[in-house]
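A structural walkthrough
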Amino acid sequence: GQKGAYRATVSGKLPLAAMYTSGYLAPSDDKSMNLSIDLSQSDLAVVPLMNPYVTDGQGAIGGKVKLTGSIEEPQAFGTVTVRNGALQFKNVAKH
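The subject of this paragraph is the overall build of the protein. Helix and strand counts for the protein come out as two helices and four strands. Taken from the N to the C terminus, the helices and strands of the protein come in the order β-α-β-α-β-β. Each principal axis of the C-alpha distribution contributes one length, and for the protein these read about 45 × 30 × 20 Å. Looking at the protein as a whole, 26% of its 95 residues are labelled buried. Residue pairs in contact within the protein that sit at least 24 positions apart in sequence constitute 54% of those at least 6 positions apart. Here the protein displays about 6600 Å² of accessible surface, and carbon together with sulfur accounts for 55% of that area.

Here you go:
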């Protein structure tokens, strides 16, 4: 994908407690993160920025995801679509 030509929008709350609490946090818990992620203008090229096991990403991605719980045990709800997508993982040979 073209790096820099796409964007993802994240809004909501991410309490510090969500980053340091072990185990599951219910969405209603004050310590739980509550994030909305809009991928309507995004590309898989952003995945390597968020995941050290992915070295390259290409293809349009769209959708909306709600993220709750803790960093250790996140709960994701929503729909994501990928068109003509490909990911290259670290230590996996290309064929």
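Now for the pairing of strand β4 (residues 74–89). Relative to β4, strand β3 (residues 54–69) is paired through 14 bridges, and the arrangement is antiparallel. Its bridge partner lying in β4, Asp56 is registered against Gln88. Here β3 folds back onto β4 in antiparallel fashion, the turn holding four residues.

Moving on: the nonpolar core. Grouped together as the largest cluster of nonpolar side chains are five residues: Leu39, Leu44, Val47, Val54 and Ile61. Setting aside residues no more than four positions away along its own chain, Leu39 makes contact with Ala8, Ile61, Gly62, Gly63 and Val80.

Our next topic: the side chain of Ser70. Relative to the helices and strands, Ser70 is located in the loop between β3 and β4. In this structure Ser70 comes out as buried when scored by relative accessible area, which is 0%. Among all residues touching Ser70, those that are not within four sequence positions of it are Ala18, Thr21, Gly23, Leu25 and Met33.

How each quantity is defined
- Residues numbered from 1 in each chain as written.
- Predicted model: local features only at pLDDT ≥ 70, side-chain atom pairs only at ≥ 80, totals over all residues.
- Heavy atoms only, no water.
- Helix = DSSP H or I, 4+ residues; strand = E, 2+ residues; numbered from the N terminus.
- Buried < 20%, exposed > 50% of the residue type's maximum accessible area, 1.4 Å probe, protein only.
- Contact = heavy atoms within 4.5 Å.
- Areas by Shrake-Rupley, 256 points an atom, 1.4 Å probe, with all protein chains shown as cover.
- Pairing = 2+ DSSP bridges.
- Core = buried A, V, L, I, M, F, W, Y, C linked by side-chain atoms within 4.5 Å.

By themselves, these observations are geometric and do not establish any function.
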